[in-house]
Amino acid sequence: MKLLLIIVWAIFEYGTLCEAYISKYEQMLQLFPKPTYAESRVLRSGRNTNFSDHPCKRTCRADQPMTCYYYFVVHYDETFNPSCERYLDKRFRFKVGGREYIDTFAVRNFEGFDDCKYADGVKTEVMVVNGQLPGPAVEVCEGDTIVVDVINSMHDITTIHWHGLHQRQTPHMDGVPFITQYPIEPAQAFRYRFDVDHIGTHWWHSHVGHQRGFGLAGALVVRQQKANDVHASLYDFDASEHTILIQDWMYDPDGSKPQGILVDGLGRNLPPVNGTKTKHTAPTLYSTYSVVRGGRYRFRVIFNGIANCPISLSFDSHELVVIASDGNDIEPVKVRKITLHGGERYDFVLHANQGVENYWIRVKGHNFCKPNKLHQEAILHYQGASRRALPKAPVFYEYEPSGRELNTVDKPPNNDDNLITIVDLKALEKRAATTTIPHRTYYTSMTVRTKNEFLFQIDDITFTMPPRVSLLQTRNLGIGQFLCNKTQQAAMGLNCRGRECKCANVIEVPAFKDVEFVVSSTTATAHPIHLHGYTFRVVGIGVLGEDRIRNIEEIDRRTPLPRRERGAPLKDTVQVPAFGYTILRFYTDSPGYWILHCHISVHSEIGMAAVLRVGAHREMKTCPVSNCGLCNSVF
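All of the points below concern the structure found in this document.

Thresholds, definitions, all that
- Sequence order sets the numbering: in each chain, residues are counted from 1 along the sequence as written.
- Under the rules for a predicted model, residues below a pLDDT of 70 receive no local features and side-chain atom pairs below 80 are neither given nor counted, while totals for whole chains, interfaces and linings still include all residues.
- No hydrogens and no water enter the side-chain calculation; it runs on all heavy atoms of the structure.
- Comment: elements are numbered from the N terminus, with helices defined as DSSP H or I runs of at least four residues and strands as E runs of at least two.
- Burial status follows relative accessibility: with a 1.4 Å probe on protein chains alone, a residue under 20% of its type maximum counts as buried, one over 50% as exposed, and anything between as partly exposed.
- Using a 1.4 Å probe, the Shrake-Rupley method yields the accessible areas, and only the shown protein chains count as cover for residues.
- Two strands are counted as paired when DSSP detects at least two bridges linking them.
- Contact between two residues is taken to exist if any of their heavy atoms lie within 4.5 Å; hydrogens are not considered.
- Any Phe, Tyr or Trp ring, taking Trp's six-membered ring, that has another such ring centre within 6.5 Å forms a pair; planes under 30 degrees apart are called stacked, those over 60 apart edge-to-face, and the others tilted.
- Charge over a ring is defined by NZ of Lys or CZ of Arg lying within 6 Å of the ring centre and within 35 degrees of the ring normal.
- The disulfide definition used here is simple: a pair of cysteine sulfur atoms within 2.5 Å.
- Here, a salt bridge means any Lys or Arg side-chain nitrogen found within 4 Å of an Asp or Glu carboxyl oxygen.
- Where helices are involved, their axes are fitted lines through C-alpha atoms of the stretch in contact, as for all axes, and angles between N-to-C directions lie from 0 to 180°.

1. A closer look at the overall build of the chain
Along its length, the chain carries 7 helices and 38 strands. When burial is assessed residue by residue, the chain has 59% of its 635 residues classed as buried. Surface summary for the chain: the accessible area is close to 27100 Å², and the carbon and sulfur share equals 52%.

Structure representation (structure tokens):
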């Protein structure tokens, strides 16, 4: 009997241990194995979950397009999970100034699937793709076709938006629930298939709730052949390991209160300034980026900003030569610091011309990150420097590098040569764009009001969707009765400034016209605005002040606001200053339903959004019957 009990105990313990070492992602793969049917075999697919060996990650050559296949399993997981225990081995730990750190290079040397999501050393629940935080990077070439099978193993709906790609031929692949597709329900699969239509640094992320804030985001890099790269002579290396995804980090599900900042999913846990104890005191693991002295490196930085927390980025002792924004080339500009708002991307060249040491990469949070003085660091490592030596300079929130700053926050545009606004940048194009007079100027405002609750609005309307209707898919089924806009509300005698207006705010815009949007913020904070389906020119940016901003249309018609008529930079995400405005111009050559929204997650999810209906329904692309926002069960 005693022997039997020992055997039963051993089986139980062995089974428990075995289960403990099976990652959540591996469990999901057992339920949803990667397909082996004929079609998937002819697509180019990587063997590893992080796609580090993917054949589409290659040197781009002319007339050699590929169809690139990816398998995304979306699942629940946790940071500082059991797989991270090996990181805590004494061989990988070292002390500096009484604090413990982990040797980044030592833990990277690991054969097999590394399921550890170390984050800031605090255990918390996350949502991830293929067990990775941040999600796996998709790296392709201009002219490629991307195919992604998304398997939703969660008990919540999800979608994937391909931020920066225009989807001109495939608007039903834009990934916005109830606008361009029906969401992917639990235990369902959806195949995204689209041609790459915009080179540069982009990213993919969930477009449901605050899911991207808990891990559902990753890089999407579209390279081009060297002969077509106008900046090719400025850098020697464009490596995957120099793509950086930064995000504000939180443990609370409401997505409004950041507890920290992560750089590529890693960073120090910073206790709040009020002195309360942190949840955990694990050794710190910093993201580290290696360079060789003398080399010129192209870095690509993406900001997955969730809360109202724009960040500034700087590299100690190094200038940054900014060459692109949101995938669009600009004339190079040297700066010491770049400010990023949620959704923005910047490419810059770093010349490794300093002494062989380690240098801090500093990320500083503003606005909602300021009360707790949230900042984060990573390490720029010169090969030959000690791998277990931290940079010598102290780290503290108030640190500011001296020199020029791009895309400043909390400072109105002025004549200070060290403050560079977006509109100061000059687009670098093979053919100079001609100046055109807009067919029409639209005035739209971003507002926050307080009644019984906070109301986040565009044009004084809180955006809500009709239940269970996707606009693109049902456009010919008489959905107009569910839609509204400020003109329609006014025609009905409704004053949305004096009452609460909630509806699906759809702004009608003609197709194949040059249009202009003057977007204003009536609030005391800047808002990052993102337009799907298009790249726009930023022709103006400025501040009018709290007393005048509500009268911006009257002011502009009486005395036109300054506009840059030539060389204005191209972007798809840009800040609208507090009590200020940003002026956008674009050509409406892609009919469809395209969402325009604040990229602060809390703001957009509870109403600060509108939809541009570009063109008549007959001008919009017809969805293929086999994949027009419809999902199939994977059970």
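Next comes the rest of the account.
2. Quick word on unusual backbone geometry
A cis amide bond links L133 with the next residue in sequence, P134, at an omega value of -5°. Among the secondary structure elements, P134 is positioned in the loop between β5 (125–129) and β6 (138–141). Unusually for a residue other than glycine, F512 sits at a positive phi of about 60°. Take F512: it is sitting in the loop between β29 (501–509) and β30 (514–521).

3. Quick notes on the sheet that holds strand β23 (residues 405–406)
Taking strand neighbours across the sheet as the criterion, the 7 strands line up as β14-β22-β21-β16-β19-β23-β24 in an open arrangement whose pairing is mixed. Each end of this open sheet is capped by a strand with a single partner; those strands are β14 (288–291) and β24 (419–420). Of the pairings in the sheet, the one linking strand β19 (residues 337–340) to β23 comprises 2 bridges and is parallel in character. The residue of β23 that forms the bridge with K337 is E405.

4. A closer look at the environment of V176
On the secondary structure map, V176 appears in the loop between β8 (160–163) and β9 (188–195). Once residues within four sequence positions are removed from consideration, V176 is found in contact with Q181, H207, H532 and I595.

5. A short note on the environment of G265
Within the secondary structure, G265 is located in the loop between β13 (260–263) and β14. Overall, G265 belongs to the buried group, its relative accessible area being 8%. Sequence-wise, G265 and T79 are 186 residues apart; in three dimensions their C-alpha atoms are separated by 9.7 Å. Leave out the neighbours within four places in its chain, and G265 touches Y118, A119, L133 and P134.

6. Some remarks on the packing of aromatic side chains
For the structure shown, the criterion picks out 22 aromatic pairs. Through pairs of rings, three or more aromatic residues link up here, namely F72, W162, F190, Y192, F194 and W204. Here the guanidinium or amino end of R362 rests over the ring plane of Y399, the centre of that ring lying 3.8 Å away. One residue, R387, lies across the ring of F105, its end atom 4.6 Å from the ring centre.

7. Description of the state of the cysteines
Taken as a whole and judged by the stated rule, the model has 6 disulfides. In this model C56 forms its disulfide with C68; the gap between the sulfur atoms is 2.0 Å. Across the S-S bond of C56 and C68 the torsion is about -100°, and the bridge reads as left-handed. Taken together, the residues C56 in the loop between β1 (44–45) and β2 (67–78) and C68 in strand β2 connect sequence positions 12 residues apart.

8. What to know about the pattern of salt bridges
What the rule picks out here adds up to 38 salt bridges. D236 serves as the salt-bridge partner of R296, at 2.9 Å between the closest nitrogen and oxygen. You can see R296 sitting in strand β15 (residues 296–304) and its partner D236 sitting in the loop between β11 (217–223) and β12 (243–249), a full 60 residues away along the chain. Classification of D236 as partly exposed rests on a relative accessible area of 41%. Each of the salt bridges in this network shares a partner with another, and the network as a whole consists of E139, R223, D229, D238, R298, R300 and D347.

9. Topic: the side chain of S520
Take S520: it is sitting in strand β30. Under the relative-accessibility criterion, S520 is labelled buried at 2%.

10. With respect to the side chain of S287
By secondary structure assignment, the location of S287 is in the loop between β13 and β14. For S287, a relative accessible area of 5% corresponds to the buried category.

11. Looking at the sheet that holds strand β20 (residues 345–351)
Here 6 strands make up an open sheet; going across it, the order is β13-β12-β15-β20-β17-β18 and the pairing mixed. Two strands lie at the open edges of the sheet, namely β13 and β18 (328–335), each paired on one side alone. Direction aside, neighbouring strands of the sheet carry axes that sit 25° apart on average. Inspection of the sheet shows strand β17 (residues 320–325) paired to β20 by 4 bridges, in the antiparallel sense. Counterpart to V321 in the pairing with β20 is V349.

Keep in mind these values describe shape, not function.
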